[in-house]
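Summary of structural features
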Amino acid sequence: MTVQPVPADAVPPVFDSPDDVARAFADQGYITDRRLATTTFVMTRLAKPLLLEGPAGVGKTELAKTLAAATGRRLLRLQCYEGQDETKALYEWDYGKQLLYTQILRDKAAELLEDTDTLEDAVDRIAGADSAFFNERFLAPRPLLEAIRSEEPVVLLIDEVDRADEALEAVLLEMLAEYQVSVPELGTFVAKQPPYVVLTSNNTRDLSAALKRRCLHLFLEYPDAERELEILRSKETGLDDAAAQRLVGIVRGLRGLDLRKAPSISETIDWARTLAVLGVSELDAGVLADTVSVVAKYERDVERSREALPRLVDPNATVPDSRQHGHEHGHPHSHGSHTHGGHTHDHDHEDDDGRRVRAAKDRPGRHDKNYYGQTAPSEPDAPAAAAPKQVRAGQGARSFAGNRGGARRRPV
């Protein structure tokens with residue numbers, strides 16, 4: 001079975017220009033830039049799939065949803081995952097229904113075979129009737145085939161295609177290139193009206209060149225501050241404009257940190273709504289630290305964000321170094337041991353970072369020539385031009401490790 005498609009140019013255009021795309025998307029609450037609007041317009045006119053790549057949470061999936069809403073098309077979604085096979089993407093046979101029909105038609109099957117004399121004749125007779133059980137009545141279409149067979153134009157979203165195995169990419173190639181799906185038992189189905197196909201990828205792996213060649217391509221990055229503020233305003237979060245503007249700047253500062261997952265646009269919107277629910281009108285480091293887990297989803301990211309928030313809220317703020325000892329005795333300390341009023345106190349609670357810093361500083365050349373024993377106390381008249389004594393790597397670190405209980409001993 002082969003269904004002849006309707007030519008792409010026979011489908012009346014939905015958008016007249018990229019500006020028309022931007023206006024239609026804005027009516028749906030999706031703010032585009034010129035590049036995104038232009039690419040979307042070209043995709044609808046050329047009837048080519050669009051591959052969107054970029055970090056999570058920048059609006060890739062939402063673009064497909066908005067495209068469906070703006071054009072009045074039904075949205076079909078294929079969510080990709082590791083280990084997915086073609087039966088979950090294309091089609092499969094409804095074996096349960098086939099078995100049920102076989103049991104119901106058992107008597108009819110007996111009549112069909114009653115005049116056969118040999119097993120070979122019976123098999124041939126059954127083979128001649130197998131098309132009754134392999135037709136569209138028993139075909140269970142999945143999103144790809146459903147998009148092709150649909151009588152009405154649709155938007156097909158193939159979400160997170162980078163999570164699927166490469167074998168599924170090969171299955172997609174025929175559909176993306178020709179808008180058709182081949183079913184061995186039935187033939188080839190060709191789309192009556194080419195669907196708008198949007199593929200998304202979070203770049204967890206590289207996609208094949210064959211797949212990319214069949215698609216228009218656009219890399220979506222985090223928007224600039226002006227556009228992100230406009231997105232925030234369009235979502236009517238309840239946060240006043242001044243606070244929203246400051247929040248956008250703070251989120252952009254958090255994205256500049258070494259975080260495992262940078263805050264997405266959708267998480268910025270959630271944070272704004274959270275602050276609005278709490279009745280916050282003036283952003284301060286305290287309330288932001290209490291709610292930062294809305295945008296930071298890993299414990300390390302939460303801690304790093306909390307440390308940076310005072311500086312992001314007020315660039316002139318002085319942020320204490322949490323790695324310091326925290327002693328405020330008002331008198332000098334000597335590393336390794338502290339002398340308070342003639343008494344020596346050991347610091348066994350020194351952290352590993354402090355030890356590493358001191359070990360790194362204990363290197364040749366840091367002190368004068370007498371410190372490393374170049375001129376021994378018993379040889380006051382040793383020539384100044386004597387060759388410097390070589391110090392082995394790690395010698396200073398051993399001197400610290402061996403003298404934590406008292407004053408440091410000079411190596412000999």
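Higher on the page you've got the structure.
So, here is what we can say about the structure in this document. (Residues numbered from 1 in each chain as written. Predicted model: local features only at pLDDT ≥ 70, side-chain atom pairs only at ≥ 80, totals over all residues. Heavy atoms only, no water.)

Let's shift gears to the sheet that holds strand β9 (residues 216-219). Here we have five strands laid out as an open sheet, ordered β2-β5-β8-β1-β9, and parallel in their pairing. At either end of the open sheet lies a strand with only one pairing partner, and these are β2 (74-79) and β9. Between one strand axis and the next, the sheet turns by 20 degrees as a mean value, whatever way the strands run. Inspection of the sheet shows strand β5 (residues 154-159) paired to strand β8 (residues 196-201) by four bridges, in the parallel sense. From the neighbouring strand, Val155 faces β8, where its bridge partner is Tyr196. Those strands touched by helix α2 (residues 34-46) are β1 (50-53), β8 and β9, and its axis lies near 165 degrees from that of β9. Packed on one face of the sheet, helix α3 (residues 60-71) meets β1, β2, β5 and β8 and runs near 165 degrees to β8. (Pairing = 2+ DSSP bridges. Helix = DSSP H or I, 4+ residues; strand = E, 2+ residues; numbered from the N terminus. Axes fitted to C-alpha atoms, helices over the stretch in contact; angles between N-to-C directions. Contact = heavy atoms within 4.5 Å.)

In this section: the packing of helix α12 (residues 241-255) against helix α15 (residues 299-313). Helix-helix packing is characterised by the crossing angle of the two axes and by the distance between the axes. Where α12 contacts α15, the axes come no closer than 10 Å and their chain directions differ by 135 degrees. When the axis of α12 is compared with that of α15, the two are oblique. Handedness of the α12/α15 crossing: right-handed. Packed against α12, whose contacting residues are Arg246, Ile250, Gly253 and Leu254, the element α15 presents Ser305, Leu309, Leu312 and Val313 at the interface. Taken together, the residues that form the contact of α12 with α15 break down as five nonpolar, two polar and one charged. (Parallel < 35°, antiparallel > 145°, perpendicular 65-115°, else oblique. Left-handed = near helix turned anticlockwise from the far one by under 90°. Nonpolar A, V, L, I, M, F, W, Y, C, P; charged D, E, K, R; others polar.)

A word on the nonpolar core. Counting 33 residues, the largest nonpolar core has Leu144, Ile158, Met175, Leu176 and Leu211 as its most contacted members. Counting only elements with at least two residues in this core, the list comes to β2, α8 (143-149), β5, α9 (166-178), β6 (180-183) and β8. In terms of residue count, α9 provides more of this core than any other element does, five residues in total. Discounting residues that sit within four places of it in the chain, Met175 has contacts with Leu144, Ile148, Leu156, Gln180, Val181, Pro195 and Val197. Counting residues in hydrophobic clusters, the runner-up holds 28 residues, among them Ile231, Leu275, Leu288 and Ala296. (Core = buried A, V, L, I, M, F, W, Y, C linked by side-chain atoms within 4.5 Å. Buried < 20%, exposed > 50% of the residue type's maximum accessible area, 1.4 Å probe, protein only.)

Here we come to the environment of Leu218. Relative to the assigned elements, Leu218 resides in strand β9. For Leu218, a relative accessible area of 4% puts it in the buried group. Counting along the chain gives 167 residues from Leu218 to Leu51, while the straight-line C-alpha distance between them is 6.3 Å. Residues within four places of Leu218 in sequence aside, it is in contact with Arg35, Leu36, Thr39, Leu50, Leu51, Leu52 and Glu53.

Right, let's talk about the side chain of Ser201 for a bit. Relative to the helices and strands, Ser201 is located in strand β8. Excluding residues within four positions of it along the chain, Ser201 makes contact with Leu52, Glu53, Gly54, Lys60, Val161, Asp162 and Leu207.

Time to look at helix α13 (residues 265-277). The end-to-end C-alpha distance of α13, which contains 13 residues, comes to 19 Å, matching closely the 18 Å that a straight helix rising 1.5 Å per residue would cover. Taken residue by residue, α13 has Ile265, Glu267, Thr268, Ile269, Trp271, Ala272 and Leu275 as its buried positions. For α13, the elements touching its buried residues are α11 (225-234), α12, α14 (285-291) and α15. Two residues or fewer after α13 comes Gly279, characterised by a positive phi angle close to 75 degrees. (Expected span 1.5 Å × (residues − 1).)

A few words now on unusual backbone geometry. Positive phi outside glycine occurs at Ala47, with the angle close to 55 degrees. Secondary-structure assignment places Ala47 in the loop between α2 and β1. You will see that Asn203, though not glycine, has its phi angle at about 65 degrees, which is positive. Mapping Asn203 onto the fold places it in the loop between β8 and α10 (209-213).

The next point concerns the pairing of β9. A one-sided burial pattern is seen for β9, the buried positions being Leu216 and Leu218 and the unburied ones His217 and Phe219. As judged from the four bridges shared by β1 and β9, these two strands associate in the parallel manner. Along β9, the bridge assignment pairs Leu52 with Leu218.

A word on α9. Leu172 marks where α9 bends most, by close to 35 degrees. Where α9 is concerned, the buried positions are Leu168, Glu169, Leu172, Leu173, Met175 and Leu176. Following α9 by one or two positions, Tyr179 has its phi on the positive side, about 50 degrees. (Bend = angle between axes of the 7 residues up to and from the residue.)

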